[in-house]
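Structural description and commentary
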Amino acid sequence: MCFSKVEAQTTNSFIYPSQVSVNNLTANQAFRRQKLLAQPTTKSLQLVEVNNLFPILSNGFLPLILPNTTAGYLFSTNYIRTYPNGDYTWSGELHSTEFCDNGTPENECFGGSFMAMKKDGQTFGELWLDTSFYQIRDLGEGVSAFIEIDKTELTNGCITPSAPFSGGQGPEDNPPLCPVRILILYTQAALDANPDIVAIANAGIETTKIALRNSEVTENQLGVTLAGVQALTTGEWSETDNLSADISTLAGNPAIAGYRMQYNADLVFILTAGGYTTGTGAVVNFGDTPADVATAFAIVEANAATAPRYTFAHEFGHLFGARHEGTDLCAQYGDDSGLQDAHGYHFSKWFNFFGIIERRDYYTIMDTRCFNIHAARIQHYSNPDVEYKNKKTGRVDKNNNAKVLRDATCRISVYVISNDVHVSISGEEQGCPNTIIGLLAHISGNEPVGPYILKWEATYDWNTWFTLSEGLGPNYLTCNIPVPENAGDKITVRLTLTTPAGNQVFAWHEIRSVDNGGCPQERPSGNRFGLLSDEDINIFPNPNNGVMTLTVKNAKGSCVSFSVINSFGQVIYEQPCAFTDADVFQSVINLPNVASGFYWFKIRHGEKVTLAKIFVTH
């Protein structure tokens, strides 16, 4: 592979070789390193350090150079979540400008992705490059381990119930606002083998969220909340080397049931050290009916929770009623039970690698990798409406795990009732360029009791966040969002709910600018926060402190009027039509009492209307 190279400098790579040698590791770092070296899946281990994500994230592209090599790769952002405390989750697909055959970009021939996560000060990452897999594991105190994974050491398959539900076509897609709460327990053996077991638990949640978003299951349709991460003592429950025996003991275990009620969790996952010979995960039962509330438990081997197996996301799918591929795709391991469209999917891509015909097999998360157990499992649930490398990831009425997951959400979200406060956002997810979309916040639960502060923010680059509005009470349940000017661009909205005790919960919403020919040809124009696209009009400075100057060129003999509109659509400043004999119209606007955030300038210049975004900061 000759993927796009990036300059081999530490400032241009997410990871770089550590200056700390093995002999100079602290006792804690050395202990963690030895635990990772003892894992059967560890093929090689190098000490690295991790750069701050955002200074090297340029125009949505993240560079990564493999340690002690000149092999550099670019990854284009497809998912990112950032939090005020510095935590983040980032995921991107391999990007290349090189070619693997006549005119076909290499990233269309070879698979590749990268995920990086920072949570509570710990970093975790996973890298996939064609047939190779790597992990970044935090050793503490600024040093991490870059590990090449030996995927042959991971057992293939999972254990599923023997008497599964069989049904017809599922209901129509229903975008609910029903958060599903997950409790992750881990055994003492899992902790002994993985000192960073909490990071693995968090990564299991985050990689599942990424898979859902990749499969066009939005956060409004299936919101996943981590209820808690809790250790199991050996007296409460201990794993054996028999996966079937272990899964059979979960539903009746009083300690596990007690933790479930303590955390108000709909689903419970147990991370084990593994070593099972029959699979890397199992569920007590499929989540097909409301009666399955009593059996909503899964086991996942910790070292298989994320890439390359994605066992956490796989067992998550089973608990929603998703199945393996049908027997029409795999006679040996296929499963024809469940809803008609509940099944996983796999596909192949052939390409001519400079005269050598090669094939790559790709398997969605619920597929068993029947024909090639070493093939890549992509971070997608089956969905006939979603493509990967120009191939559909499902078939209508047969392989649509995404629909099954959406449709089961509200049923599963009430397995255990929680009064913990939760916030979500409803509203359109795409719109014509430079139009306004209204979003609505939904608050469920009442513990702790409000009133709550709601803060709406938006970003175009995932680094710089602009406050749209912030305040206490019901007046801040809505927010108007500008659709980006250029078709294909996206704006990300973050809603932060702060309780009286200072605790925070978050909701996200993304709006993409789309013009499929049905948008008005004449519409307001403007860019993000700089100069207007109309070359005759300028507002400066922008951003500003509430004092700014508007200039309009070629204004002689024409009428100029303008108004300033807040994020609720309310006009807060207005100047009526005024004719001018000067070539340049100029007006100084002073808004000393407005809150920091986005505002709109609506300017009428003769028959032309221009809409501009400004940002006020005090």
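Now for a description of the structure that goes with this document.

About the thresholds
- Residues numbered from 1 in each chain as written.
- Predicted model: local features only at pLDDT ≥ 70, side-chain atom pairs only at ≥ 80, totals over all residues.
- Heavy atoms only, no water.
- 1 Å grid on protein atoms, 1.4 Å probe; cavity = no way out; pocket = protein on both sides within 12 Å on 5 of 7 lines; lining within 4 Å.
- Points joined across faces, edges and corners; volume = space filled by probe spheres on them.
- Helix = DSSP H or I, 4+ residues; strand = E, 2+ residues; numbered from the N terminus.
- Pairing = 2+ DSSP bridges.
- Axes fitted to C-alpha atoms, helices over the stretch in contact; angles between N-to-C directions.
- Buried < 20%, exposed > 50% of the residue type's maximum accessible area, 1.4 Å probe, protein only.
- Contact = heavy atoms within 4.5 Å.
- Disulfide = S-S within 2.5 Å.
- Phe/Tyr/Trp six-rings, centres within 6.5 Å; stacked < 30°, edge-to-face > 60°.

Okay, the layout of surface pockets next. The volume enclosed by the second largest pocket comes to roughly 1,000 Å³. Forming the boundary of the second largest pocket are 35 residues, of which R213, E216, K490, E510 and R512 lie nearest the centre. Top contributing element to the lining of the second largest pocket by residue count: strand β29 (residues 504-513), with five residues.

What follows is about empty space enclosed by the protein. Scanning the model with the defined rule gives five cavities of 30 Å³ or more in all. The calculated volume of the second largest cavity comes to roughly 70 Å³. Lining the second largest cavity are L36, Q39, T41, T42, Q135, R137, I147, I149, N194 and N303. Taken together, the elements giving at least two residues each to the lining of the second largest cavity come down to β10 (132-140) and β11 (143-149).

Attention now goes to the sheet that holds strand β22 (residues 422-426). Backbone hydrogen bonds hold the strands of a sheet together, and the pairing may be parallel or antiparallel. Read from one edge to the other, the open sheet built from three strands follows the order β22-β24-β27, with strand pairing classed as antiparallel. At either end of the open sheet lies a strand with only one pairing partner, and these are β22 and β27 (478-482). Between one strand axis and the next, the sheet turns through 30° on average, direction left out of account. One ladder, built from five bridges, connects β22 with strand β24 (residues 436-444); its direction is antiparallel. The residue of β24 that forms the bridge with S426 is L440.

With omega at -10°, the peptide bond leading from F540 into P541 counts as cis. Residue position: P541 is located in the loop between β30 (537-540) and β31 (547-552). Cis peptide bonds are those with omega within 30 degrees of zero, and the linkage from N542 to P543 qualifies with 5°. With respect to the secondary-structure elements, P543 resides in the loop between β30 and β31. Even without glycine at this site, E141 takes up a positive phi of about 55°. Counting through the fold element by element, E141 comes out in the loop between β10 and β11. Even without being glycine, D397 reaches a positive phi, approximately 65°. With respect to the secondary-structure elements, D397 resides in the loop between β21 (391-392) and α9 (401-412). Since its relative accessible area comes to 37%, D397 is described here as partly exposed.

Inspection of the secondary structure puts I572 in strand β33 (residues 571-579). By relative accessible area, which is 34% here, I572 ends up partly exposed. A sequence separation of 22 residues divides I572 from V594, and the C-alpha atoms of the two residues are 8.8 Å apart. Beyond its immediate stretch of four places on either side in the chain, I572 contacts V564, N566, V594 and Y599.

Further remarks concern the sheet that holds strand β23 (residues 430-431). Here we have five strands laid out as an open sheet, ordered β23-β29-β28-β25-β26, and mixed in their pairing. Because the sheet does not close on itself, it has two edges, and the strands there are β23 and β26 (466-472). Bridge count between strand β28 (residues 490-498) and β29: nine bridges; the pairing is antiparallel. From the neighbouring strand, V493 faces β29, where its bridge partner is H509.

Moving on, we come to the state of the cysteines. Under the criterion given, the structure shown has two disulfides. One disulfide in the model links C559 with C577; its S-S distance is 1.3 Å. Taken together, the residues span a long stretch of sequence, with C559 in strand β32 (residues 559-565) and C577 in strand β33 at a distance of 18 residues.

Here the focus is the pairing of β11. Burial runs high along β11: six of the seven residues are buried. For strand β2 (residues 42-50) and β11, the ladder comprises six bridges, and the chain directions are antiparallel. Directly across from T42, in β11, lies its bridge partner I149. Both β10 and β11 contribute to a ladder of six bridges, which runs antiparallel.

This part takes up the packing of aromatic side chains. Taken as a whole, this structure holds 17 aromatic pairs when the rule is applied. Ring geometry for F14 and F114: centres 5.6 Å apart, planes at 70°, overall edge-to-face. A residue pair is termed long-range when its members are at least 10 positions apart, and F14 in the segment before β1 (15-17) and F114 in strand β8 (residues 112-119) qualify at 100 residues. Across the pair, F114 and F14 agree in class, each one buried. With centroids separated by 6.1 Å and ring planes inclined at 5°, the aromatic side chains of W128 and F133 adopt a geometry described as stacked. Given a relative accessible area of 6%, W128 falls into the buried group. Pairwise contacts between aromatic rings join W128, F133, Y345, F347, Y362 and Y388 into one cluster.

The quantities given are spatial measurements derived from coordinates; they are silent on function.
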